[in-house]
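Residues per chain, in single letters:
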Amino acid sequence: MFELVFAFFFIALLIAGMAIGVIFSNKPIKGTCGGIAALGLDRSCDICGGDMKKCDEEQERVATLAGGVANELSYDASKGPSS
């Protein structure tokens, strides 16, 4: 049991140290060396065909759709039972 608690606190200490290092370095966080930027697709992709407006519109559509689904799957319990 001691080893489990020690490991948890050790990992938490490492994460806190990394967070403090990022805060005090005062630099913006950079992306990884992989991903779309490594493929040379910084501004466009095959999905949007180079039109970044399509990507923005699709993200907005998905966000509104997700919001509508969330409203359909939930209710306000403070209003009491509906008849």
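Refer to the structure above for everything that follows.
Residues take numbers from 1 onward in each chain, read along the sequence in its written order. Reporting of local features is limited, given that this is a predicted model, to residues whose pLDDT is at least 70; pairs of side-chain atoms are given and counted only at 80 or more, and all residues count toward the totals for whole chains, interfaces and linings. Side-chain measures here rest on the full set of heavy atoms in the structure, leaving out hydrogens and waters.

S.K.: Got a sec to walk through the overall build of the chain? Specific residues and values, please.
M.R.: Secondary structure elements are taken from DSSP: a helix is a run of H or I of four residues or more, a strand is a run of E of two residues or more, and numbering for both begins at the N terminus. A count of helical and extended segments in the chain gives two helices and zero strands. Exposed residues in this analysis have more than 50% of their type's maximum accessible area, buried residues have under 20%, and partly exposed residues fall in between, with area computed by a 1.4 Å probe over protein chains only. Expressed as a percentage of the 83 residues in the chain, the buried residues total 1%. In short, Shrake-Rupley with a 1.4 Å probe defines the accessible areas, and a residue's cover is counted only from the protein chains shown. Summed over all atoms, the accessible surface of the chain reaches about 8000 Å², with 66% contributed by carbon and sulfur.

S.K.: Let's hear about a nonpolar patch on the surface: which residues, and what values?
M.R.: Surface patches are drawn from residues lacking salt bridges whose relative accessible area is over 30%; two like charges belong together within 9 Å, two nonpolar side chains (Val, Leu, Ile, Met, Phe, Trp, Tyr) within 5 Å. Each reported salt bridge corresponds to a side-chain nitrogen of Lys or Arg within 4 Å of a carboxyl oxygen of Asp or Glu. Together, Phe2, Phe6, Phe10, Ile11, Leu14, Ile15 and Met18 make up an exposed nonpolar region whose accessible area comes to about 790 Å². By the element assignment, Ile11 lies in helix H1 (residues 2-25). The partly exposed category is assigned to Ile11, whose relative accessible area is 48%.

S.K.: Can you explain the packing of aromatic side chains? Please cite residues and give values.
M.R.: Each Phe, Tyr or Trp ring (for Trp, its six-membered ring) is paired with any other whose centre lies within 6.5 Å, and the angle between the two planes then decides the class: stacked below 30 degrees, edge-to-face above 60, tilted in between. One pass over the full model with this rule turns up three aromatic pairs. Centroid distance Phe2 to Phe6: 6.1 Å. Interplanar angle 25°. Geometry classified as stacked. Note that Phe2 and Phe6 are positioned in helix H1 at a spacing of four residues, about one turn of the helix. Where Phe8 meets Phe9, the ring centres are 5.5 Å apart and the plane angle is 75°; that geometry is what we call edge-to-face. We note that Phe8, like Phe9, is exposed. Clustering of aromatic rings is evident, with ring pairs tying together Phe2, Phe6 and Phe10.

S.K.: Now, about H1: what can you tell me, with residues and values included?
M.R.: How far a helix is expected to stretch is found by multiplying one less than its residue total by 1.5 Å. The end-to-end C-alpha separation of H1 is 34 Å, in line with the 34 Å expected for 24 residues at 1.5 Å each. With its phi angle positive at about 55°, Asn26 sits one or two positions after the end of H1.

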